[in-house]
Amino acid sequence: MTSDLSLLPSLKTLFATVTAGITGTLVYHYMKTNFFAEKDEEKVKESLHVEIPWDTVAHLIGRNGTSIKQIEEETCTTISFVDPGGACRLAVIRGSKDGVQLARIQLLKCVEEHAQLETTEIFVSEKTIDRLTAQESKKLREIAALSKTRIYIDSIQEKRTSLLVRGTYHQIENVRECLKEMVAEEIPTSIETSNNLPIKRSPKAVRTQPQERNEAMEYETLEPTSSDGFCEVMVSFVVSPSKFFVQKAGASSKELDCLIDDLTDFYSVKENRQQYATSKYEVGSLVAVLAPDDTCWYRGRVVSIELEEESDDDDDGILSVNLVDFGDTVTVKQPHIAILRPEFLSMNFQAIECSMAYIEPIGGGEWTEKAIEAFETLTYCASWKILMARVESNSTVNSSRIYFLKLVDTNTERDIDIATELIRLEFGSSTA
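Definitions and limits used
- Residues numbered from 1 in each chain as written.
- Predicted model: local features only at pLDDT ≥ 70, side-chain atom pairs only at ≥ 80, totals over all residues.
- Heavy atoms only, no water.
- Pairing = 2+ DSSP bridges.
- Helix = DSSP H or I, 4+ residues; strand = E, 2+ residues; numbered from the N terminus.
- Axes fitted to C-alpha atoms, helices over the stretch in contact; angles between N-to-C directions.
- Contact = heavy atoms within 4.5 Å.
- Parallel < 35°, antiparallel > 145°, perpendicular 65-115°, else oblique.
- Left-handed = near helix turned anticlockwise from the far one by under 90°.
- Nonpolar A, V, L, I, M, F, W, Y, C, P; charged D, E, K, R; others polar.
- Phe/Tyr/Trp six-rings, centres within 6.5 Å; stacked < 30°, edge-to-face > 60°.
- Buried < 20%, exposed > 50% of the residue type's maximum accessible area, 1.4 Å probe, protein only.
- Lys NZ or Arg CZ within 6 Å of the ring centre and 35° of its normal.
- Polar contact = N/O pair within 3.5 Å; in protein donor to acceptor, adjacent residues only side chain to side chain.
- Arc of directions from axis to C-beta.
- Core = buried A, V, L, I, M, F, W, Y, C linked by side-chain atoms within 4.5 Å.

1. What about the sheet that holds strand 9 (residues 286-290)?
Read across the open sheet, the five strands follow the order 12-11-10-9-13; overall the sheet is antiparallel. Looking along the sheet, the strands with just one partner apiece sit at the ends: strand 12 (329-333) and strand 13 (337-339). On average, each strand axis in the sheet is inclined to that of its neighbour by 45 degrees, with strand direction left out of account. The sheet contact formed by strand 9 and strand 13 spans three bridges and is antiparallel. Within the sheet, the bridge partner assigned to Val289 lies in strand 13 and is Ile337. Each of strand 9, strand 10 (297-307) and strand 13 touches helix 10 (residues 251-267); the most contacted strand, strand 10, lies at about 60 degrees to it.

This is the structure:
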């Protein structure tokens, strides 16, 4: 009997150990399926494969991988390439659900841009070539980086007098403008463009008194150009899906390009700027403005004026100027604006204010930064690609007409309804 009782402590210990093991196991599984699962959900990574044509991969990656790195940074994803054989390589995108979708959109956009690349020959003087290729000069690389093009010097001929530029139409036009600006520092109007026509000389300056221009100027209107009620537009500037600006595609777009060329030719001449300069600008004044980090002059309207601190000099004023043909507002110092000549007002202002129809931010709050970035990508903002737009309604706010649009991207194999895509990406909800 005594020997049996002596076994009780050992049995109790064994029972306690087994019970503790069962309890610990149950607690572990509970924590794993609840607490730890919630933590793991935050780290869930999705992956997506996108087919990229072989001849597009180098363009997509960019020099030293800068293009692909930029996409990775903007979307918080990682992108790698695998070769499954065949005409395409696979881009493997890894990241969050939203990041993967944004990266996919940007990759497909790069593929479409590559399909539009062209090579143009631009004729320049030997002096310009020498300056571009001088050992201490970085000008050629700077122009290529600024315009996102590839520039080669034609060295087949004994006299090097031309550049081969590869890029989209608008990127090549940016190269032309950079070359014009560079040559203007040496001998005005010395450069020739690829069509062998000299740059237009600036009109002779005419002294006039600054005019009051507070009257309402006409903005372009959106009208259907097809039986289904759609018209072609290009998105020029985005604040959010509820406020963005478009330009009409077609003849008016080419006319605006010519107008900007004429503005730039005229106001790039110092004497002309001095003739049309004034120290008394007012809010509402129509002006020509040299946008920051740009070589072109644009039409604008002054929206605010302030003097720099500790300065009584009017020339130190800082002005906010709305670019009436694009929609965005720039901040410039007074020497970078001038009174707008009447002849540059013959064309209606081209920035048309719009809002997306039948959609609002998810939860009815404000648009998130990711939603705005997705909208900019989906609409090819400032990339000058055509979208189809249908006016669903319009309203007038503070004397400005706002159009509520249905936007459709027809540049891909399947048509993409922009509002539907934003809803699918969980950035917005339908109000229809």
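2. A short note on the packing of helix 6 (residues 97-115) against helix 12 (residues 369-378)
Two quantities define a packed helix pair, namely the angle between the axes and the distance from one axis to the other. Two elements in contact, helix 6 and helix 12, have axes separated by 10 Å at closest approach and are oriented at 20 degrees. The angle between helix 6 and helix 12 falls in the class roughly parallel. Pair helix 6 / helix 12 crosses with left-handed handedness. Of the residues in helix 12, those touching helix 6 at Leu102, Ile105, Gln106 and Lys109 are Ala374, Thr377 and Leu378.

3. Re the packing of helix 5 (residues 66-75) against helix 6
Orientation of helix 5 relative to helix 6, taken along the N-to-C sense of each, is 150 degrees, at an axis distance of 9 Å. Regarding the angle of helix 5 to helix 6, the classification is roughly antiparallel. Between helix 5 and helix 6 the crossing geometry is right-handed. Side by side, helix 5 and helix 6 meet where Ile68, Ile71, Glu74 and Thr75 of the first sit next to Gly99, Leu102, Ala103, Gln106, Leu107 and Cys110 of the second. Per-class residue counts for the contact of helix 5 with helix 6 are six nonpolar, three polar and one charged.

4. Examining the packing of aromatic side chains
If you walk through the whole model with that rule in mind, you get 10 aromatic pairs. Seen in terms of ring centroids, Phe237 and Phe245 are 6.5 Å apart; in terms of plane orientation they differ by 35 degrees. Their pairing is tilted. A relative accessible area of 26% means that Phe237 is categorised as partly exposed. When the ring of Tyr267 is compared with that of Trp297, the centres are 5.5 Å apart and the planes differ by 25 degrees; the resulting orientation is stacked. In this pair, Tyr267 sits in helix 10 while Trp297 sits in strand 10, placing the two residues 30 residues apart along the sequence. One exposure class covers both Tyr267 and Trp297, and it is buried. Among the aromatic residues, those joined into a cluster by ring pairs are Phe266, Tyr267, Tyr276, Trp297 and Phe344. The ring of Tyr380 carries Lys385 above its face, with NZ or CZ at 4.8 Å from the centroid.

5. Thoughts on the side chain of Arg299
Inspection of the secondary structure assignment puts Arg299 in strand 10. Overall, the relative accessible area of 1% leaves Arg299 in the buried class. One polar contact links Arg299 to Asp325, side chain to side chain, over a distance of 2.8 Å. There is a polar contact of 2.9 Å between the side chain of Arg299 and the backbone oxygen of Phe344.

6. Regarding helix 7 (residues 126-133)
Here helix 7 has its buried residues at Thr128, Ile129 and Leu132. Buried positions in helix 7, seen along its axis, are confined to an arc of 100 degrees and lie on one side of it.

7. Quick word on the environment of Thr119
Among the structural elements, Thr119 can be located in strand 4 (residues 118-123). Sequence separation of Thr119 and Tyr169 is 50 residues, and the distance between their C-alpha atoms is 9.2 Å.

8. Section: the nonpolar core
Grouped together as the largest cluster of nonpolar side chains are 32 residues, with contacts concentrated most on Leu263, Tyr267, Val289, Tyr298, Val321, Ile337 and Leu340. Breaking this core down by element, the ones donating at least two residues are helix 10, strand 9, strand 10, strand 11 (317-323), strand 12 and strand 13. Per-element accounting of this core gives the leading share, six residues, to helix 10. With residues near it in sequence (within four places) discarded, Tyr298 still touches Ile260, Leu263, Val287, Ala288, Val289, Ala291, Leu323 and Phe326. Counting 31 residues, the second largest nonpolar core, distinct from the first, contains Val238, Trp367, Cys381 and Leu387.

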